[in-house]
Amino acid sequence: THVAFSIMKIDQVAKVLSESLEDYVMSRAERRDFKALMEEVRGDTKAISTVRSLAFRMARDQMEESHQVMEWLEVVIKTLYAKESKSSNRAYFSPGTDCLNEIRSFISGASESLDICVFTITDDRIVERILHAFERGVKIRLITDDDKSEDLGADVLRLQKAGVDTVFDVTDAHMHHKFAIADGKRLLSGSYNWTRSAATQNDENIVVSNDGRLVQDFCETFDTMWYRLEQQQ
């Protein structure tokens, strides 16, 4: 269904969004038209991700009116994720292998896309799962800190060399996030660094959730960071 949607419907979606963006307000009628188009692909994570990226590109092109653009974008994304399934939340803690096992399971569960935003990755047990996901065709984007990527045992450059799309935060400050988004529908976030010491020594946590609003907030943050850092590389 996604291929058919891409060929036959994306131009209609772009037209609705473009007309709505002219006055930076998504009217009730425009919201209804947009919802009707998306209803055909409600369970298609690829199509939803495509439309989300389209909306962000259109908003980025109009950033001189940033306040109004972001309000418009918020309504678009809210409408896009209007019918999420009942939310489910689960917490995991370390020391121990609970966090590690859930991160590996989360990565393996991604079928279409995986957005990863982490301070550092040095645990090869996690890296192997990322590489396996990449090899089976999952679209992966990785944001990480430039300083930590050069640490002894860091695996980010290995992932980049394998072909994983990677951008680095090159500011003097650290990019300290530790979260991931699978298929635009599930979120994993917490204090847990993706390192062996986080599993064996540290008191850490992760939370896994499919709450639509929460996932949306992290998707927006990831996309904003990605486009900004991509321009700085």
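## A few points about the pattern of salt bridges
Once the charged atoms of two side chains with opposite charge are near each other, the side chains can pair.
Working step 1: Scanning all chains against the criterion turns up nine salt bridges.
Working step 2: When the shortest N-O distance is used, the salt bridge between arginine 52 and aspartate 223 registers 3.1 Å. Taken together, the residues arginine 52 in helix H4 (residues 45-60) and aspartate 223 in helix H10 (residues 212-232) connect sequence positions 171 residues apart.
Working step 3: Two residues, arginine 196 and aspartate 124, come together in a salt bridge whose shortest N-O distance is 2.9 Å. Of this pair, arginine 196 sits in helix H9 (residues 196-200) while aspartate 124 sits in helix H7 (residues 124-135), placing them 72 residues apart in sequence.
Working step 4: What emerges from the salt-bridge pattern is a single network uniting Arg52, Asp115, Arg141 and Asp223.

## Regarding the packing of aromatic side chains
Working step 1: This structure, assessed with the given rule, holds three aromatic pairs.
Working step 2: Measuring from centroid to centroid gives 6.0 Å for phenylalanine 222 and tryptophan 226, while their planes differ by 15 degrees, and the two rings are stacked. Taken together, the positions of phenylalanine 222 and tryptophan 226, both in helix H10 and four residues apart, correspond to about one turn of that helix. For the pair shown, phenylalanine 222 and tryptophan 226 are each scored as buried.
Working step 3: Taken together, the ring pairs in this structure connect Phe179, Phe218, Phe222 and Trp226 into an aromatic cluster.

## Describing the pairing of strand E5 (residues 178-182)
Working step 1: Burial analysis of E5 places five of its five residues in the buried class, the great majority of the element.
Working step 2: Here E5 shows no split at all, with Lys178, Ala180 and Ala182 on one side and Phe179 and Ile181 on the other all buried.
Working step 3: Across five bridges, the pairing between strand E2 (residues 113-118) and E5 is antiparallel. Within the sheet, the bridge partner assigned to leucine 114 lies in E5 and is alanine 182.
Working step 4: Sheet topology note: the E5/strand E6 (residues 186-190) ladder contains four bridges and is antiparallel. For alanine 182, the partnering residue across the bridge sits in E6 and is arginine 186.
Working step 5: With antiparallel pairing between neighbouring strands as the criterion, E5 and E6 make up a hairpin whose turn holds three residues, including aspartate 183 at a positive phi of roughly 60 degrees.

## Describing H7
Working step 1: An ideal rise of 1.5 Å per residue puts 16 Å on twelve residues; H7 measures up with 16 Å between its terminal C-alpha atoms.
Working step 2: Within H7 the residues assigned to the buried category are Ile126, Val127, Ile130, Leu131 and Ala133. Seen along its axis, H7 keeps its buried residues to an arc of 160 degrees; they face one direction.
Working step 3: Looking at the packing, one finds that the buried side of H7 touches helix H6 (98-109), E2, strand E3 (139-145) and helix H8 (156-162).
Working step 4: Just past H7, the residue glycine 137 takes up positive phi, approximately 100 degrees.

## A word on the sheet that holds E6
Working step 1: With respect to topology, seven strands assemble into an open sheet ordered E1-E7-E6-E5-E2-E3-E4, the strand pairing being mixed. The two strands at the open ends of the sheet, each matched to only one other strand, are strand E1 (89-94) and strand E4 (165-169). Each strand of the sheet is rotated relative to its neighbour by a mean of 10 degrees, with strand direction disregarded.
Working step 2: Contacting E2, E3, E4, E5, E6 and strand E7 (204-209), H10 runs over the sheet at an angle of about 70 degrees to E3.

## Notes on the side chain of arginine 141
Working step 1: Here arginine 141 lies in strand E3.
Working step 2: For arginine 141, a relative accessible area of 8% puts it in the buried group.
Working step 3: Ignoring any residue separated from it by four or fewer positions in sequence, one finds arginine 141 in contact with Arg52, Leu114, Asp115, Ile116, Asp165, Phe222, Asp223 and Trp226.

## Remarks on the environment of alanine 199
Working step 1: Along the chain, alanine 199 turns up in helix H9.
Working step 2: In this structure, the C-alpha to C-alpha distance between alanine 199 and aspartate 123, residues 76 residues apart in sequence, is 9.5 Å.
Working step 3: Those residues in contact with alanine 199 that sit more than four places away from it in its chain are Ser94, Pro95, Gly96, Arg125 and Tyr192.

Criteria and thresholds
Residues numbered from 1 in each chain as written. Predicted model: local features only at pLDDT ≥ 70, side-chain atom pairs only at ≥ 80, totals over all residues. Heavy atoms only, no water. Salt bridge = Lys/Arg side-chain N within 4 Å of Asp/Glu carboxyl O. Helix = DSSP H or I, 4+ residues; strand = E, 2+ residues; numbered from the N terminus. Phe/Tyr/Trp six-rings, centres within 6.5 Å; stacked < 30°, edge-to-face > 60°. Buried < 20%, exposed > 50% of the residue type's maximum accessible area, 1.4 Å probe, protein only. Pairing = 2+ DSSP bridges. Expected span 1.5 Å × (residues − 1). Arc of directions from axis to C-beta. Contact = heavy atoms within 4.5 Å. Axes fitted to C-alpha atoms, helices over the stretch in contact; angles between N-to-C directions.

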